[in-house]
Amino acid sequence: MCNHNGDSCFTYKDSGLTKIELNCVINGDKVCELVDPTMTLLNFLHNQMKLFGVKEGCGEGECGACTIMMNGKAVNSCMILAVEAEGADIVTVEGLAKDGELSTLQKEFVEFDALQCGFCTPGMLMSSRALLDQNPNPTVEEVKEAIAGNFCRCTGYFPIVDAILSAAKKEKEESK
Amino acid sequence: MLSKFDYQRPKSLQEALTFLGEYPETKLLAGGTDLMVVLRRNMQIVDHVLDIKEIPETKRFEYKPGEGLFIGASVTVNQISESEPVKERYMALKQAADSLASYQLRNRATLVGNICNASPGADLASPLLVFDAVVHIATPQGNKEVPIQSFFTGVKRTVLNPGEIVIGVQLADSETEDHSVFLKQARIKGHDLGIAGITLRMTPSHKVSVAMSAVAPTPIRLVDLEKQISEKSLDDTLPEWLESEIKNHIKPISDIRSSADYRLHISGVLAKKGMKKLLEMGGK
């Protein structure tokens, strides 16, 4: 599908180089893993840690499907080497639900039909989670800016924006 | 990915320079938002990657009255956008920072990486050009300083030699009455590369400077145009005059994002809009 010099961009291949120890926190759990220095954080989370909510869409920082939170900030995990995550606090979509119950933000996505095929949804959730953590009362424009790096080819975005705004309101009520 | 590279994360500048001395073809990594695409597409085969983010000098991000603003090579675009001194004194830099790619990319991408990548369309270059930025470079022979005007040498080319590291960029001091504006035209609102970008600045003594991106092989400061502006009065006719005159100072090309004709046209429009804004902000 996407070949450069006879090499498929979408297939991760182990370089065979000496692995490097990586210590970080993923969804609240301390992790110590040996990683290939050429492995992206996306491939580490998806292939090695089996966190399948971290999606590869474009692999080049355009589509946002691989968005995670790293030290509280939304980032494209395809643009980061796994070894760069040393000491980092990482949250993926798998870390949003607590004790088997979806978070308010996730429930609002369901409520507003903010997903159809669902491929962009983990990235959308992580970008909006990072936004609401930093700015609990975002305007429509601020929501749009926060998810401008997350492509959705199904919904037309309106239900996603509505879901995020509604989640902001509900989270505020819950925290009272 | 065909590259099989080892990963270095030196904790000091000396350690980094020593490694680069031994392996001058090492690729430097800060935000990674350009390098990771190069690696993924096998555009270069890389043997060594050196992460500069643990080098203390690259983390410096500081405004000092009289000296100006220093932005270290590890400082991200969002850090710049959220900085109070930048909002107060270097508005065009904030506007350019906010226009670059997407929010999550700006959490990783760095200003120094943007200029070292040396794309003709580098969004953050035109604000640096009008604020007389100086690039601080560490070399095995010691540190050197290069004005941003002589930093770019061609498409994706700079004065940097193998084995050298950009530590950061120093912007000249700017007063709060110093007005500047950055405007960019892209195909869509949101995440896209610019068709053309412009920064206009007016100092409290009404000196106007103009720089553009994506209209020449490198980002450029339009010094001849600035001289012409200095000979004109800053009145309501200036924006319209600038709209047509600026087209004599740039040589855009046609590419996937725009025809050369449209780039010329939109450069005039951006220049007019920007000049109007500067005059409204108190330039008269």
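Residues numbered from 1 in each chain as written. Chains lettered and ligands numbered in written order. Predicted model: local features only at pLDDT ≥ 70, side-chain atom pairs only at ≥ 80, totals over all residues.

### Re the overall build of chain B
- Within chain B one finds 11 helices and 14 strands.
- Against the compact-globule benchmark of 19 Å for 284 residues, chain B has a radius of gyration of 19 Å, which places it among compact chains.
- Along the first, second and third principal axes, the C-alpha set of chain B runs to 60 × 45 × 30 Å.
- Counting over 284 residues, chain B shows a buried share of 50%.
- Considering only intrachain contacts with a sequence separation of at least 6, the fraction spanning at least 24 residues in chain B is 64%. (Helix = DSSP H or I, 4+ residues; strand = E, 2+ residues; numbered from the N terminus. Rg over C-alpha atoms; globule rule 2.2 N^0.38 Å. Buried ≥ 20, exposed ≤ 12 C-beta atoms within 10 Å, placed from the backbone. Contact = placed C-beta atoms within 7 Å.)

### Description of the confidence of the model for chain B
- With 99% of its residues at a pLDDT of 70 or more, chain B has an overall mean of 96.
- Model confidence for the complex is summarised by a pTM of 0.96, with the ipTM given as 0.96. (pLDDT = per-residue confidence, 0-100.)

### Focus on the pairing of strand β3 (residues 48-51) of chain B
Residue and element names in this part refer to chain B.
- As paired elements, strand β1 (residues 6-8) and β3 share three bridges and run parallel to each other. The partner of Y7 across the bridge, within β3, is V49.
- Relative to β3, strand β2 (residues 27-29) is paired through three bridges, and the arrangement is parallel. Of the residues in β3, the one forming a bridge with K27 is V49. (Pairing = 2+ DSSP bridges.)

### Notes on the domain arrangement of chain A
All names here are of chain A.
- Here chain A is described as being made up of domain 1 (3-94) and domain 2 (104-175).
- Taking only C-alpha atoms into account, the centre of domain 1 sits 23 Å from that of domain 2.
- Each partner contributes residues to the interface: domain 1 has 15 residues there, and domain 2 has 13 residues.
- Taken together, the elements giving at least two residues each to the side of domain 1 that touches domain 2 come down to β5 (67-70) and β6 (73-76). (Domains from an automatic or database assignment.)

### Structural notes on the environment of G282 of chain B
Residues and elements named next belong to chain B.
- Residue position: G282 is located in helix α11 (residues 260-283).
- Overall, the presence of 10 C-beta atoms within 10 Å leaves G282 in the exposed class.
- Between the alpha carbons of G282 and H179 there is a distance of 8.1 Å; along the sequence they are 103 residues apart.

### Some thoughts on the environment of T121 of chain A
All names here are of chain A.
- Turning to its location among the elements, T121 is positioned in helix α3 (residues 121-134).
- Sequence separation of T121 and E108 is 13 residues, and the distance between their C-alpha atoms is 12 Å.
- When near neighbours in sequence (up to four residues on either side) are disregarded, T121 contacts F109 and L115.

### Regarding the sheet that holds β1 of chain B
Residues and elements named next belong to chain B.
- Strands sit in the order β1-β3-β2 across an open sheet of three strands; the sheet is parallel. The open sheet is flanked by β1 and β2, the only strands paired with a single partner. On average, each strand axis in the sheet is tilted by 30° relative to the strand beside it, whichever way the strands run. (Axes fitted to C-alpha atoms, helices over the stretch in contact; angles between N-to-C directions.)

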